[in-house]
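Observations on the model geometry
Here's the letter readout for the chains.
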Amino acid sequence: MIRLDKYIASALTLTRKEAHTVIRQGRVTVDSKPVRDIGFKLDETSSTVVCDGVALTFQKFRYYIMNKPAGYITSTEEEREPTVMDLLPERLLKMNLFPVGRLDKDTEGLLLLTDNGVLAHRMLSPKHHVDKTYYLESDIPMTDDDADAFLKGVDIGEKNITLPARLVIDSEDNRRGHITLCEGKFHQIKRMLNAVGKNVTYLERVAFASLTLPSELERGEVRELTPEEIETLENFNKSE
Ligand code: URA
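From a predicted model like this one, the values you see are computed outputs, not experimental measurements. (Residues numbered from 1 in each chain as written. Predicted model: local features only at pLDDT ≥ 70, side-chain atom pairs only at ≥ 80, totals over all residues. Heavy atoms only, no water.)

1. Considerations on the overall build of the chain
Along the backbone of the chain there are seven helices and 15 strands. Counting only residues that meet the buried cut, the chain has 45% of its 240 residues in that class. Put simply, of all contacts in the chain between residues at least 6 apart along the chain, 64% involve residues at least 24 apart. Summed over its atoms, the accessible surface of the chain is roughly 13,000 Å², and 49% of this surface lies on carbon and sulfur atoms. (Helix = DSSP H or I, 4+ residues; strand = E, 2+ residues; numbered from the N terminus. Buried < 20%, exposed > 50% of the residue type's maximum accessible area, 1.4 Å probe, protein only. Contact = heavy atoms within 4.5 Å. Areas by Shrake-Rupley, 256 points an atom, 1.4 Å probe, with all protein chains shown as cover.)

This is the structure:
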């Protein structure tokens, strides 16, 4: 059971106060009956809620995908530098969204934002080994020996060597490639490249769990996940 104001706020991405106005204006019906009581309780799995003639679907959690540009730090706190939260439109700032994991200030690409703490925890937990793929550029040509070293694990100054990571070199000059890893230590890819005597000159996350960076999403843009993407992500997390 859920309160009607909570349902309306979630389904229409409104603040609780805005939802109160919509309900009090008599624009909402529950199972065909007009309801003006903001505290009305309904079963979100079986009730039909209609606002302004449109049937609503209840979404417990929100998920947004961002194409992070360089120059923004991944933080929800007020900082002296621009943060990824500065890229969110005003109405999304009311939703208690937070980024799932961190990208360095100079790293670009896929960043997931949600208010689902359990899912975020699962996606980040070292126990669950969730894959993340990055496009990277190196200052010096990468070699098959580097790829072998990453598969075996390299020493980046942590207690343990890194877990197996897959490097695919995909340019003729051997300076560009994709790397897939299933852990997320601080500056991990930069430190892995350093461990084989190279420096990352560019890094972009292109995939995280079941999500891939949508080609139509411009740098700095954010969009809500589609219902299909949400279902796949939630199922992915159940099965991991
Ligand atoms: N590894 C890094 O070094 N930086 C990132 O932002 C992500 C992974």
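2. Notes on the nonpolar core
Of all hydrophobic cores here, the largest spans 30 residues; its most connected members are Met66, Leu88, Leu113, Leu136, Phe150, Ile179 and Ile189. Put simply, the parts of the chain that give this core at least two residues each are β7 (63–68), β9 (108–114), β10 (132–138), α5 (144–152), β12 (176–181), α6 (188–195) and β13 (200–208). Sort the elements by how many residues they give to this core and α6 lands first, with three residues. Shared between two domains, this core takes at least three residues from each, and those domains are domain 2 (63–125 + 210–239) and domain 3 (131–208). With residues near it in sequence (within four places) discarded, isoleucine 189 still touches Tyr134, Leu136, Ile179, Leu181, Val200 and Leu203. Core analysis: the second largest hydrophobic core is formed by 17 residues, Tyr63, Leu110, Val130 and Leu225 among them. (Core = buried A, V, L, I, M, F, W, Y, C linked by side-chain atoms within 4.5 Å. Domains from an automatic or database assignment.)

3. Notes on the sheet that holds strand β6 (residues 54–55)
With antiparallel pairing, the four strands of this open sheet are ordered in space as β3-β2-β5-β6. The open sheet has two edge strands with one neighbour each: β3 (33–34) and β6. With three bridges connecting them, strand β2 (residues 28–30) and strand β5 (residues 49–51) associate as antiparallel partners. Paired with valine 28 across the bridge in β5 is cysteine 51. (Pairing = 2+ DSSP bridges.)

4. Description of helix α4 (residues 117–124)
For α4, the set of buried residues is Leu119, Ala120 and Met123. Down the axis, α4 shows its buried residues gathered within 100° of arc, on one side only. Along α4, the residues that are exposed and aim more than 90 degrees away from the buried face are Val118 and His121. At the N-terminal end of α4, a side-chain oxygen is found 3.2 Å from the backbone nitrogen of valine 118, two or three residues along, and the residue is asparagine 116. (Arc of directions from axis to C-beta. Polar contact = N/O pair within 3.5 Å; in protein donor to acceptor, adjacent residues only side chain to side chain.)

5. Focus: α6
All of the buried residues in α6 are Gln188, Ile189, Lys190, Met192 and Leu193. The inward-facing, buried residues of α6 contact β10, α5, β12 and β13. After α6 finishes, the residue glycine 197 shows a positive phi value of roughly 80°.

6. Quick notes on the domain arrangement of the chain
How big an interface is tends to be stated in terms of the accessible area lost upon association of its parts. We note that the domain assignment places domain 1 (2–55), domain 2 (63–125 + 210–239) and domain 3 (131–208) within the chain. Taking only C-alpha atoms into account, the centre of domain 1 sits 28 Å from that of domain 2.

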